Amino acid sequence: MPTHARATHARTKKRSVPTIIGDCILQVLAAGGVVCIALVICAVAFDITLIMFKTGSMSPTIPTGSLAVVREVPADSVEVGDVVTVDRGVSELPVTHRVVSARTQDNGITILDLKGDANASADPAVYEVTTVRKVLWHVPGLARVIVYFSNPLVLGAITLTMAALVVAVFWPRNTDGDDDADSADPKTEPIQVLLPPDGGRQ
């Protein structure tokens, strides 16, 4: 086997289990980064955002702790039965309820009546809006996970762990013993000296 091929084979064979695990984790993180970039692009291009449900007014359809993907749309495009998020003012949190009636006025303003699935009656106030955020889909329980990972202590621990993995994977490694031996004591083919039949005597 040629020296270069033998050295490459030895380096491949000597990869430790932690190194392999670290490489796999880095590949997963790289893929996650690509996904995050794609989500950011989609969010900017299509006005898509995330909302978390802290109350159970939409239960059991959307239970407490769900994470929903919403997209901003014209208010006159929503229909009865859609779940939308509307703003209620500077000092109040937005509300996400189901549309029970919708009517658009001549001035372009849409008046919505909303009701939470868990509520016995519709919201006491009507909402005059031109745009709303329509719920596209939701994942139950995911909001709690995001809140947990948003904790500064958890974020710090994850950051330190990822930094340690990166350092461990890219830390310079010693070459294997076969390469050292080959470089220290290169092997050469014996030199053959051909003598004439008379032994070199003239």
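Residues numbered from 1 in each chain as written. Predicted model: local features only at pLDDT ≥ 70, side-chain atom pairs only at ≥ 80, totals over all residues. Heavy atoms only, no water.

- Identification of the chain as Signal peptidase I from Rhodococcus erythropolis is taken from an unreviewed UniProt entry.

**Describing the nonpolar core**
Link 1 in the chain: Core analysis: the largest hydrophobic core is formed by 12 residues, namely V73, A75, V78, V84, V86, V95, V99, L112, L114, Y127, V129 and V132.
Link 2 in the chain: Counting only elements with at least two residues in this core, the list comes to strand 3 (83–86), strand 4 (95–104), strand 5 (110–115) and strand 6 (127–129). (Core = buried A, V, L, I, M, F, W, Y, C linked by side-chain atoms within 4.5 Å. Buried < 20%, exposed > 50% of the residue type's maximum accessible area, 1.4 Å probe, protein only. Helix = DSSP H or I, 4+ residues; strand = E, 2+ residues; numbered from the N terminus.)

**Concerning the sheet that holds strand 3**
Within a beta sheet, neighbouring strands are joined by backbone hydrogen bonds and run either parallel or antiparallel to one another.
Link 1 in the chain: Pairing is antiparallel in the open sheet, where seven strands are placed in the order 1-2-7-3-4-5-6. Only two strands of the sheet have a single partner each, and these edge strands are strand 1 (48–52) and strand 6. Strand-to-strand twist in this sheet, taken as the mean axis angle between neighbours without regard to direction, amounts to 50°.
Link 2 in the chain: Strand direction decides the pairing type here: strand 3 and strand 4, joined by four bridges, are antiparallel. Directly across from V86, in strand 4, lies its bridge partner V95. (Pairing = 2+ DSSP bridges. Axes fitted to C-alpha atoms, helices over the stretch in contact; angles between N-to-C directions.)

**Here we look at the pairing of strand 5**
Link 1 in the chain: Most of strand 5 sits inside the fold, with five of its six residues counted as buried.
Link 2 in the chain: Where strand 4 meets strand 5, six bridges bridge the pair, whose relative direction is antiparallel. Across the sheet, residue S101 finds its bridge partner in strand 5, namely D113.
Link 3 in the chain: Linking strand 4 back to strand 5 in an antiparallel pair, the connection comprises five residues, with G108 at a positive phi of about 90°.

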